[in-house]
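Observations on the three-dimensional arrangement
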There are 2 protein chains.
Amino acid sequence: MQQKTSVTIRDVAQAAGCSVATASRVLNKSGPASAEVRERVERAARDLDFSFSSIGRALQSRRSMTIGCLVPSLANPVFAEAVQGVQSELKDSGYQLLISCSNYDETADNAAIETLMSKDADGLIATMVAPDRSAALRQAQQRGTPVSLMFHDPIEGFTTAYVDNFEAAREVARQFVRLGHRRIGFLALRFSTSDRSRNRYAGFCAECRARGLPDPVLIEIGEAEASRPDSLAAILNDHPTLTAIFASNDFLAIAVHKAARLLGRRVPQDLSVAGFDGIEIGRLLEAPLATIETSPEAMGRQAARSLLEAMQGQVPIQPPALPFHFRAGATLAAPNPE
Amino acid sequence: MQQKTSVTIRDVAQAAGCSVATASRVLNKSGPASAEVRERVERAARDLDFSFSSIGRALQSRRSMTIGCLVPSLANPVFAEAVQGVQSELKDSGYQLLISCSNYDETADNAAIETLMSKDADGLIATMVAPDRSAALRQAQQRGTPVSLMFHDPIEGFTTAYVDNFEAAREVARQFVRLGHRRIGFLALRFSTSDRSRNRYAGFCAECRARGLPDPVLIEIGEAEASRPDSLAAILNDHPTLTAIFASNDFLAIAVHKAARLLGRRVPQDLSVAGFDGIEIGRLLEAPLATIETSPEAMGRQAARSLLEAMQGQVPIQPPALPFHFRAGATLAAPNPE
DNA sequence: TTGTAGGCGTTATCAG
DNA sequence: CTGATAACGCCTACAA
């Protein structure tokens, strides 16, 4: 039952009555072989149901044909979609995807990179808490392993697939200001471990300032509050004068809407809300969510493409930021004149 | 710059002035060694920043310490969460996760299994279009590779982590009937490639029948209709007499709600809607979605646990179905008496 | 306690 | 055109 010993190229050679070298040449079409022996080898391989051991190959070729991918979490659809993008782009490249999640923990981040490297990944695609100060990442790169980032703004020495969070947030600010909002909040989850969130806030502030407004209030919350509407409502209640809130992602924006409802505040009449990411459900809501539309899947694809190029020895060039798009929605309107 | 040649155990041995055998024994704590030489080896390893080549190890131990995971798509949060569950459960097991997506294609399914096997995965976790008739899967198993399924109902020969779709759907039917619905529809996406969907429909029908109702109308749609509310509305329009619809997943249920709105039909007064999965956003909606709550993450965890057990040589035992829970919501009410 | 040697599956080199 | 043979990095009898 248990075919414990798998069939190796040696078995094929033996069955075909030739040397392993010849069998290898035939099977790989990597060298000359008489039609006759070729035939014998191919048949033997078929009969024995032979397939190469990628481990044996890896050992001798020093390439594992494996790519390591690190993301904070697959429970976040944004990252899941990005990985899906990576996956599709790698589909026919012969590379397999090794994945790892850090749960937004910087230590786990570094450990994961090291593990991936110890598995001899030929390349790395990562989204981390702090790629710029990750020793493990630098080290991987210095060892000659190509690295490609996702979601992060460009960092010296790495190529990255990203959308310009700063600019996108400015666009949101523009929309808010245009409608007449002046008391504005920015709601952030995991502000300290997400450069995306920080860049969005920075851009948001920059544009507000440019329009002569004070910096928007930064409201940081934790996992707990994010998933508990009543907690979120309590927090919202601490900022009763705000007329508009920019949430650092769509899920949060929807949660804010829910919390507002709990407080009896109507969206958008009493409170405007905008999100970030452009998840599809947003447009199916009773009040379609105003948001910044992005394509995580495209990010994954681009990261994979950059990595493949680098692995082919091409000198890495940083592609431009991926496009984003402000999607209007019913959660955003002019503030209620009191 | 390019540390092309990585440091091997041979280098360590040399630096420590001993044989590789001794170095191996020390580094693996797998045999005797004098305190002195142990010290030298450990220091050398540290100085040289040595780490084992998992490929070398895999070749000699015939274990890759890698687990292959196949899911239809990571763009579906249900599967993404399941993989996240697998991932967390594997965290400290020393195994790495190799992932692959089939995009709901049966051919790709088999190809993926073969690829995963050719990568010498030590175990397989899969959700497929048709695991019961997958030659590749059987073959993997016959080769002695432990296999664990996710989301599928138990199949002879495999252990699976699942929720009882049939029973869960019966529960939904019960709720519908209890409220007085008699003209009921089941909306399915990818009915032909999803045994989950089919089992849900079967259970749904069974319970309706048991209550003396005719089989619910089966409404099959494609990707296109699912993501286009107006198309979905058109389809809904073809079934004007239905008073309640059970959608095969939450996303679809939310889409139905949207489509109903487009048609000027109020939910739940004119049309009741229930979903399946229990995604978190469902409870944040203006009309919280009635649904069957499940935990994909738990499914992933359980599949991983079963697999680990099997890989430790334990005889596989099929764990019981994971629990589900009917979550009441505002999308479900008694039908409007005309 | 330590070292030598063989082998895991593959490919590349180099003679025949 | 073909076949030894030597790596690749590691582990483990078996000897010393």
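Residues numbered from 1 in each chain as written. Chains lettered and ligands numbered in written order. Predicted model: local features only at pLDDT ≥ 70, side-chain atom pairs only at ≥ 80, totals over all residues. Heavy atoms only, no water.

The name recorded for chain A in an unreviewed UniProt entry is LacI family transcriptional regulator, from Ciceribacter lividus.

Here's the deal with the overall build of chain A
A tally of regular secondary structure across chain A gives 13 helices and 11 strands. Whereas a compact globule of 338 residues would reach a radius of gyration of roughly 20 Å, chain A reaches 26 Å, over 25% beyond that. Taken over the C-alpha atoms alone, chain A extends approximately 95 × 45 × 35 Å along its principal axes. Put simply, 68% of the contacts in chain A that link residues at least 6 apart link residues at least 24 apart. Put simply, chain A shows about 14400 Å² of open surface, and 50% of that area lies on carbon and sulfur atoms. Averaged over its 36 positive side-chain charges, chain A has a centre that lies 3 Å from the centre of its 38 negative ones. (Helix = DSSP H or I, 4+ residues; strand = E, 2+ residues; numbered from the N terminus. Rg over C-alpha atoms; globule rule 2.2 N^0.38 Å. Contact = heavy atoms within 4.5 Å. Areas by Shrake-Rupley, 256 points an atom, 1.4 Å probe, with all protein chains shown as cover. Lys, Arg positive; Asp, Glu negative; His and termini not counted. Charge placed at Lys NZ, Arg CZ, Asp CG, Glu CD.)

What about the sheet that holds strand S11 (residues 325–327) of chain B?
Residues and elements named next belong to chain B. Read from one edge of the open sheet, 6 strands run S7-S6-S8-S9-S10-S11, paired in mixed fashion. Of all strands in the sheet, those with a lone pairing partner are strand S7 (217–221) and S11, marking the two edges. When strand polarity is set aside, the average angle formed by the axes of neighbouring strands in this sheet is 20 degrees. As paired strands, strand S6 (residues 184–189) and strand S8 (residues 244–247) are joined by 4 bridges and run parallel to one another. Bridging across to S8, Leu 187 finds its partner in Ala 247. Across the face of the sheet, helix H12 (residues 250–262) comes into contact with S6, S7, S8, strand S9 (272–277) and strand S10 (290–293) while running at roughly 160 degrees to S9. (Pairing = 2+ DSSP bridges. Axes fitted to C-alpha atoms, helices over the stretch in contact; angles between N-to-C directions.)

What to know about the relation of the copies chain A and chain B
Superposition of chain A onto chain B requires a rotation of 180 degrees combined with a translation of 0.0 Å along the rotation axis, giving an RMSD of 0.1 Å. In the structure described here, the two chain copies are related by an operation that fits a two-fold rotation axis. No C-alpha of chain A approaches the rotation axis more nearly than that of Leu 98 of chain A, which lies at 2.2 Å. Taken together, the interface assignments show that 100% of the residues at the interface of chain A recur at the interface of chain B, consistent with an identical surface on both copies. (Least-squares fit on C-alpha atoms with pLDDT ≥ 70 in both.)

Topic: the packing of aromatic side chains
Taken as a whole and assessed by the stated rule, the structure comprises 20 aromatic pairs over all chains. The interplanar angle of 45 degrees and the centroid separation of 6.0 Å between the aromatic rings of Phe 186 of chain A and Phe 204 of chain A together place this pair among those described as tilted. Pair noted here: Phe 186 of chain A is in strand S6 (residues 184–189) and Phe 204 of chain A is in helix H9 (residues 195–210), with a separation of 18 residues, a long-range link. You can call Phe 186 of chain A buried: its relative accessible area is 0%. Aromatic side chains Phe 246 of chain B and Phe 276 of chain B sit 6.3 Å apart centroid to centroid with 35 degrees between the ring planes, which places their arrangement in the tilted category. You can see Phe 246 of chain B sitting in strand S8 and its partner Phe 276 of chain B sitting in strand S9, a full 30 residues away along the chain. Phe 276 of chain B sits in the buried class, given a relative accessible area of 1%. Put simply, the rings of Phe 176, Phe 186, Phe 191, Tyr 201, Phe 204, Phe 246 and Phe 276 of chain A pair up and form one aromatic cluster. Across from the ring centre of Phe 52 of chain A, 3.8 Å away, lies the NZ or CZ of Arg 57 of chain A, which sits over that ring. (Phe/Tyr/Trp six-rings, centres within 6.5 Å; stacked < 30°, edge-to-face > 60°. Buried < 20%, exposed > 50% of the residue type's maximum accessible area, 1.4 Å probe, protein only. Lys NZ or Arg CZ within 6 Å of the ring centre and 35° of its normal.)

Describing the pairing of strand S1 (residues 66–71) of chain B
Residues and elements named next belong to chain B. Across the 6 residues that make up S1, a large majority, 6, are buried. Taking every second residue as pointing to the same face, both faces of S1 are buried, with Thr 66, Gly 68 and Leu 70 on one and Ile 67, Cys 69 and Val 71 on the other. Both S1 and strand S2 (residues 96–101) contribute to a ladder of 6 bridges, which runs parallel. Paired with Thr 66 across the bridge in S2 is Gln 96. The parallel pair S1 and S2 is bridged by helix H5 (residues 77–90), and the resulting crossover is right-handed. (Right-handed = clockwise from strand over helix to strand, strands pointing away.)

What to know about the interface of chain A and chain B
Listed per partner, the contact involves 56 residues of chain A and 57 residues of chain B. Interface of chain A and chain B: buried area, both sides summed, is about 5100 Å²; carbon and sulfur atoms make up 54% of it. At the surface where chain A touches chain B, the tally comes to 0 salt bridges. Broken down by secondary-structure element, the contributors of at least two residues to the side of chain A that touches chain B are helix H4 (54–61), helix H5 (77–90), strand S2 (96–101), helix H6 (106–118), helix H7 (135–142) and helix H12 (250–262) of chain A. Considering every element that reaches the side of chain A that touches chain B, the biggest residue donor is S2 of chain A, with 6 residues. Class assignment for the residues of the side of chain A that touches chain B results in 24 nonpolar, 21 polar and 11 charged. (Buried area = accessible area lost by both parts, 1.4 Å probe. Salt bridge = Lys/Arg side-chain N within 4 Å of Asp/Glu carboxyl O. Nonpolar A, V, L, I, M, F, W, Y, C, P; charged D, E, K, R; others polar.)

A word on the environment of Phe 251 of chain A
Structurally, Phe 251 of chain A is set in helix H12. Along the chain, Phe 251 of chain A and Gly 275 of chain A lie 24 residues apart, while their C-alpha atoms are 7.7 Å from each other. Apart from residues no more than four positions distant in its own chain, Phe 251 of chain A is found in contact with Ala 226 of chain A together with Glu 280, Ile 281 and Leu 284 of chain B.

Quick notes on the pairing of S2 of chain B
Within S2 of chain B, 6 of the 6 residues are buried, which leaves the element mostly enclosed by the surrounding structure. Side chains of S2 of chain B alternate between two faces, with Gln 96, Leu 98 and Ser 100 of chain B and Leu 97, Ile 99 and Cys 101 of chain B buried alike. With 3 bridges connecting them, S2 of chain A and S2 of chain B associate as antiparallel partners. Paired with Ile 99 of chain A across the two strands is Leu 97 of chain B, which belongs to S2 of chain B.

Focus: the sheet that holds strand S4 (residues 147–150) of chain A
The strand order S5(A)-S4(A)-S3(A)-S1(A)-S2(A)-S2(B)-S1(B)-S3(B)-S4(B)-S5(B) describes an open sheet built from 10 strands, whose pairing is mixed. The open sheet has two edge strands with one neighbour each: strand S5 (159–161) of chain A together with strand S5 (159–161) of chain B. On average, each strand axis in the sheet is tilted by 25 degrees relative to the strand beside it, whichever way the strands run. Bridge count for S1 of chain B against strand S3 (residues 123–126) of chain B is 4 bridges, and the pairing is parallel. Of the residues in S3 of chain B, the one forming a bridge with Cys 69 of chain B is Ile 125 of chain B. In the packing of H5 of chain B onto the sheet, the strands contacted are S2 of chain A together with S1, S2, S3 and strand S4 (147–150) of chain B, and the crossing angle to S2 of chain A comes to about 75 degrees.

Focus: the packing of helix H6 (residues 106–118) of chain B against helix H7 (residues 135–142) of chain B
Residue and element names in this part refer to chain B. The contact between H6 and H7 brings their axes to 8 Å, and the two run at 25 degrees. Accordingly, the angle class assigned to the pair H6 and H7 is roughly parallel. Taking contact as the criterion, the partners of Asn 110, Ile 113, Glu 114 and Met 117 in H6 are, on H7, Ala 135, Ala 136, Leu 137 and Ala 140. Residue composition of the contact of H6 with H7, grouped by class: 6 nonpolar, 1 polar and 1 charged. (Parallel < 35°, antiparallel > 145°, perpendicular 65-115°, else oblique.)

Structural notes on H6 of chain A
Its 13 residues place the ends of H6 of chain A 19 Å apart at the C-alpha level, agreeing with the 18 Å of an ideal helix rising 1.5 Å per residue. The complete set of buried residues in H6 of chain A reads Asp 109, Asn 110, Ala 112, Ile 113, Leu 116 and Met 117 of chain A. All buried residues of H6 of chain A project into a common sector of 160 degrees when viewed along the axis, lining one side. Against strand S1 (66–71), S2, strand S3 (123–126) and H7 of chain A together with S2 of chain B lie the buried residues of H6 of chain A. Sitting at the head of H6 of chain A, Asp 105 of chain A places a side-chain oxygen 3.0 Å from the backbone nitrogen of Thr 107 of chain A. Asp 120 of chain A, located one to two residues past H6 of chain A, shows a positive phi value of around 65 degrees. (Expected span 1.5 Å × (residues − 1). Arc of directions from axis to C-beta. Polar contact = N/O pair within 3.5 Å; in protein donor to acceptor, adjacent residues only side chain to side chain.)

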